[in-house]
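Inside the fold
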Amino acid sequence: MPSKKIPLVVVVPAAGVGKRMKANCPKQYLKINQKSILEHTVSRLSSHPMIKKIIIALSHEDEYFSETRLSENSKVMVVDGGKERVDSVLAGLAVIDPHEFPWVLVHDAARPCLTLNDLNHLIEACLSNDKGGILASPVRDTMKQGCNGVIEQTIDRENLWHALTPQMYPTLQLKAAIERALSAQAIITDEASAIEFTGEVSQLISSSSENIKITQPDDLALAEFILNKQSKDNQNIQEMQ
Ligand SMILES: Nc1ccn([C@@H]2O[C@H](COP(=O)(O)OP(=O)(O)OP(=O)(O)O)[C@@H](O)[C@H]2O)c(=O)n1
Ligand SMILES: C[C@](O)(CO)[C@H](O)COP(=O)(O)O
């Protein structure tokens, strides 16, 4: 548990349609162990005692949220998401009082395998260093750049990371950075890219590659395997205590 304790708010962008998943519903509503991916994700976040509010950005056409039990969670509130992920994040930031929540985390609905251990590492690093940052996992494979089925070059993977979520920043800093980046028509696919656009620094917190983003069809079975493995690991830890 982080040494410094303050109330935290999380924005969960969940307004996507999941095109790459090729499913019959938005991927955040696909079920694992009879529970939607969104419910798994919110359950992980909600179990952290410092997280007091979870703002879920939903598509205005969302017809699945009401079938979940998420509205029964007192930490949960919903906002209308936007055209792109960044717009959904901004919609969540718009309802946060920075005096109540000086720090904010943003976590993809499509990442249900986040562990409390990684979440604590991120929170601890940001609050103790007073600097925003992201969970990230180091690239394992040799990385190639290429197109049209042809390798152009090998990219040195020494300093390459997979950016994950949550990504955590001072609320006012993140909101201002996103607004400034968008006004310059910058491409923003994660919170860190907006922070980079403003020339500010983010911490890279090395974390588990189990924290996958469910994106393509074969990710669902992998996520189910990881969730079941994490559940057994937690049971083993509890039995040893
Ligand atoms: N306009 C959007 C687009 C995406 N997201 C959310 O951002 C997260 C990460 O985005 P991604 O994995 O790209 O989800 P989708 O956009 O749904 O996937 P696809 O690109 O395959 O359609 C997801 O939880 C998604 O619901 C969002 O809140 N608002
Ligand atoms: C935020 C993110 O999950 C970090 O890897 C990623 O950028 C989301 O990108 P997507 O194109 O919305 O899947």
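Keep in mind that this is a model prediction, so the values were computed, not measured. (Residues numbered from 1 in each chain as written. Chains lettered and ligands numbered in written order. Predicted model: local features only at pLDDT ≥ 70, side-chain atom pairs only at ≥ 80, totals over all residues. Heavy atoms only, no water.)

Two side chains bearing opposite charge may form a pair once their charged atoms approach each other closely. Within this structure, the stated rule accounts for 8 salt bridges. Taking the shortest distance from any N to any O, the salt bridge between Asp108 and Arg111 comes out at 3.0 Å. Of the two residues examined, Asp108 and Arg111, each falls in the buried class. Within the structure, one salt-bridge network assembled from shared partners comprises Arg85, Asp108, Arg111 and Glu191. (Salt bridge = Lys/Arg side-chain N within 4 Å of Asp/Glu carboxyl O. Buried < 20%, exposed > 50% of the residue type's maximum accessible area, 1.4 Å probe, protein only.)

What follows is about unusual backbone geometry. Put simply, Thr165 and Pro166 share a cis peptide bond, and its omega is 10 degrees. By the element assignment, Pro166 lies in strand E10 (residues 161–170). Positive phi values are uncommon outside glycine, yet Lys22 reaches one of about 55 degrees. (Helix = DSSP H or I, 4+ residues; strand = E, 2+ residues; numbered from the N terminus.)

A separate point is the sheet that holds E10. The 7 strands lie next to each other as E5-E4-E1-E6-E10-E7-E11, forming an open sheet whose pairing is mixed. Unpaired on one side and paired on the other, strand E5 (76–80) and strand E11 (203–206) mark the two borders of the sheet. Strand-to-strand twist of the sheet, defined as the mean angle between neighbouring strand axes without regard to direction, takes the value 30 degrees. As paired elements, strand E1 (residues 8–14) and strand E6 (residues 103–106) share 3 bridges and run parallel to each other. The residue of E6 that forms the bridge with Val9 is Val104. Together, E1, strand E4 (51–58) and E5 form the strand contacts of helix H1 (residues 37–46), whose direction differs from that of E4 by roughly 160 degrees. Against the sheet, helix H2 (residues 85–93) contacts E1, E4, E5, E6 and E10, and its axis sits at roughly 145 degrees relative to E1. (Pairing = 2+ DSSP bridges. Axes fitted to C-alpha atoms, helices over the stretch in contact; angles between N-to-C directions. Contact = heavy atoms within 4.5 Å.)

In this fold, Asp219 is placed in helix H6 (residues 219–240). Of the side chains bearing the opposite charge, Lys27 lies closest to the buried Asp219, which forms no salt bridge; the N-O distance is 7.0 Å. Setting aside its immediate chain neighbours within four residues, Asp219 contacts Ile212, Lys213 and Ile214. (Lys, Arg positive; Asp, Glu negative; His and termini not counted.)

Right, let's talk about the UniProt feature "site: Transition state stabilizer" (unreviewed entry) in the protein chain for a bit. The residues that UniProt annotates with the feature "site: Transition state stabilizer" (unreviewed entry) are Arg20 and Lys27. Checked against the element boundaries, Arg20 lands in the loop between E1 and strand E2 (31–32). Overall, the relative accessible area of 12% leaves Lys27 in the buried class. Leave out the neighbours within four places in its chain, and Lys27 touches Val17, Gly18, Met21, Ile37, Ala110, Lys213, Ile214 and Thr215. (UniProt positions renumbered as here; feature names shortened; annotations may be inferred.)

With 5 bridges joining them, strand E8 (residues 143–147) and strand E9 (residues 150–155) adopt antiparallel strand pairing. Bridged to Met143 within E9 is Ile155. Where E8 folds back on E9, the antiparallel hairpin that results is connected by 2 residues, among which Asn148 adopts a positive phi of roughly 55 degrees.

So, about the environment of His162. Along the chain, the position of His162 falls in strand E10. Taking the relative accessible area as the measure of exposure, His162 reaches 41% and is therefore partly exposed. When neighbours within four sequence positions are excluded, His162 is seen to be in contact with Leu135, Ala136, Ser137, Pro138 and Val139.

Let's shift gears to the UniProt feature "site: Positions MEP for the nucleophilic attack" (unreviewed entry) in the protein chain. As recorded in UniProt, the feature "site: Positions MEP for the nucleophilic attack" (unreviewed entry) lies at Arg157 and Lys213. In this fold, Arg157 is placed in the loop between E9 and E10. Ignoring any residue separated from it by four or fewer positions in sequence, one finds Arg157 in contact with Val139, Arg140, Asp141, Thr142 and Met143. Engagement of the side chain of Arg157 in a polar contact is seen with the backbone oxygen of Arg140, the distance being 2.2 Å. Of note, Lys213 is situated in the loop between E11 and H6. Exposure remark for Lys213: the relative accessible area of 26% places this residue in the partly exposed category. Excluding residues that lie within four positions of it along the chain, Lys213 makes contacts with Arg20, Lys27, Asp108, Ala110, Arg111 and Asp219. A distance of 2.8 Å separates a polar atom in the side chain of Lys213 from a polar atom in the side chain of Thr215. (Polar contact = N/O pair within 3.5 Å; in protein donor to acceptor, adjacent residues only side chain to side chain.)

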